[in-house]
Amino acid sequence: MDVNEQNTADMADTPFMPLAISDADFFRLTKFIQQHFGIDLSKKRHLISGRLSYSIKTLGYSGFGPFIDHLLQERNPEEMELVLNKLTTNYTFFMREQEHFHFFRNTILPDIIQRHRKDRTLSIWSAGCASGEEPYTISMYLMDYLGSEARNWDARVLATDISQHALDKAKEGRYNLPDTIPSAWKSRYFKADGTDGYYLVAPQIRNNVIFRTFNLMEPIRFRLKFDLIFCRNVMIYFNQETKDALVGRFCDATVPGGYLLIGHSETLGKNPGYRYLAPATFQKW
């Protein structure tokens with residue numbers, strides 16, 4: 001899940017004069033979002049005004065003040081979802097940051113497959129999966145690597161995001177495929193939708209991904225610890241304290257020798273519990 005500021009014309013729902021937001025309301029809203037979702041928008045006043053103004057007026061509020069009053073008091077799920085969808089951009093694509101997937105195929109997969117030869121169960125998490133391209137890409141690499149043995153493994157990928165809107169798109173599995181998708185994968189793992197050049201993810205890939213709504217600010221209490229966590233281009237908009245706390249939770253949720261992959265523009269703090277292996281690639285001590 002990326003937060004990506006654009007110009008005002010791109011941010012608004014329609015050509016519209018953005019509403020003014022007072023210092024007090026801006027502080028209340030950004031503090032609430034940071035505390036509950038980890039996203040630091042303290043320097044994004046222009047983005048907030050541009051992206052929320054039209055929706056606030058459409059909902060019948062006279063301005064930011066009454067809307068924020070209601071949002072903080074009632075915690076209405078629909079309005080909360082609206083704010084998250086408007087203020088975050090779920091930008092991703094298939095095989096993003098290909099160096100990670102080369103390392104995954106050549107180094108990580110052989111290691112974790114060897115460790116699980118007896119139980120034949122892998123535990124992989126795509127944290128902040130946005131519209132689903134990342135977990136589907138992971139799944140295609142898994143199917144390619146395991147080949148005919150895939151049916152004997154539980155190699156399902158857990159994919160989570162805070163945005164239900166993004167998860168709905170991910171579950172649909174309908175994409176306009178980029179040229180980076182190998183032709184063999186396009187024929188093996190996708191089916192032409194028949195409209196506008198779109199493709200549907202094939203059932204064996206779609207069924208290998210488990211989508212769940214999850215807020216990364218919450219405790220991580222999944223059934224298994226993870227062999228590998230992808231959390232890429234999510235933490236770049238967290239402040240250092242939030243990021244350090246999240247990495248600590250990731251570390252606790254990772255098996256000894258397990259892996260963490262972050263975005264290439266992101267860094268880990270000091271003594272994170274992981275050792276550096278390659279750019280944006282770490283292994284738990």
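Preceding block: the structure.
What you see is a predicted model, and the numbers here were worked out from it, not measured in a lab.

A. Structural view of helix H4 (residues 64–74). What H4 keeps buried is the set Phe64, Gly65, Phe67, Ile68 and Leu71. For H4, the arc enclosing every buried residue in end-on projection is 165°, short of the 170-degree limit, so these residues lie on one face. The exposed residues of H4 that point more than 90 degrees off its buried face are Gln73 and Glu74. Close packing links the buried residues of H4 with helix H2 (23–37), helix H3 (45–58) and helix H5 (77–87). Note on H4: the residue one or two positions beyond its end, Arg75, has a positive phi of about 50°.

B. The arrangement of the sheet that holds strand S9 (residues 274–278) in detail. In spatial order, the strands read S6-S2-S1-S7-S8-S10-S9; together these 7 strands make up an open sheet with mixed pairing. What marks the edges here is a single partner per strand, and that holds for strand S6 (209–213) and S9. Adjacent strand axes in the sheet meet at a mean angle of 20°, parallel and antiparallel pairs treated alike. By the bridge criterion, 5 bridges tie strand S2 (residues 157–161) to S6 in an arrangement that is parallel. Each residue of the ladder has a partner; that of Leu158, found in S6, is Ile210. Helix-sheet contacts for helix H11 (residues 240–252) involve strand S1 (124–127), strand S7 (226–231), strand S8 (254–262), S9 and strand S10 (281–284), and the interaxial angle to S8 is about 140°.

C. A look at the pattern of salt bridges. Scanning the model with the defined rule gives 9 salt bridges in all. Residues Arg28 and Asp25 are paired through a salt bridge, measuring 2.8 Å at the closest nitrogen-oxygen approach. You can see Arg28 and its partner Asp25 sitting in helix H2, 3 residues apart, about one turn around the helix. Given a relative accessible area of 27%, Arg28 falls into the partly exposed group. Among the ionic pairs, Arg188 bridges to Asp144, the shortest N-O distance being 2.7 Å.

D. How the structure looks around the nonpolar core. Core analysis: the largest hydrophobic core is formed by 46 residues, its most contacted members being Ile33, Ile48, Trp125, Leu216 and Phe250. Mapped by element, the contributors of at least two residues to this core are H2, H3, H4, H5, S1, S7, H11 and S8. Element by element, the count of residues in this core is highest for H2, at 5 residues. The contacts of Leu216, once residues within four sequence positions are left out, are Trp125, Ala127, Cys231, Val234, Leu246, Arg249 and Phe250.

E. Structural detail: the sheet that holds strand S4 (residues 190–192). Taking strand neighbours across the sheet as the criterion, the 3 strands line up as S3-S5-S4 in an open arrangement whose pairing is antiparallel. For this open sheet the edge positions go to strand S3 (174–175) and S4, each flanked by a neighbour on one side alone.

F. Broad picture of the environment of Asn152. Topologically, Asn152 is positioned in the loop between helix H7 (133–146) and S2. Overall, the relative accessible area of 38% leaves Asn152 in the partly exposed class. Residues Asn152 and Gly197, spaced 45 residues apart in sequence, show a C-alpha to C-alpha distance of 34 Å.

Procedures and definitions
Residues numbered from 1 in each chain as written. Predicted model: local features only at pLDDT ≥ 70, side-chain atom pairs only at ≥ 80, totals over all residues. Heavy atoms only, no water. Buried < 20%, exposed > 50% of the residue type's maximum accessible area, 1.4 Å probe, protein only. Helix = DSSP H or I, 4+ residues; strand = E, 2+ residues; numbered from the N terminus. Arc of directions from axis to C-beta. Contact = heavy atoms within 4.5 Å. Pairing = 2+ DSSP bridges. Axes fitted to C-alpha atoms, helices over the stretch in contact; angles between N-to-C directions. Salt bridge = Lys/Arg side-chain N within 4 Å of Asp/Glu carboxyl O. Core = buried A, V, L, I, M, F, W, Y, C linked by side-chain atoms within 4.5 Å.

Remember that the coordinates give geometry; whether it matters functionally is a separate question.
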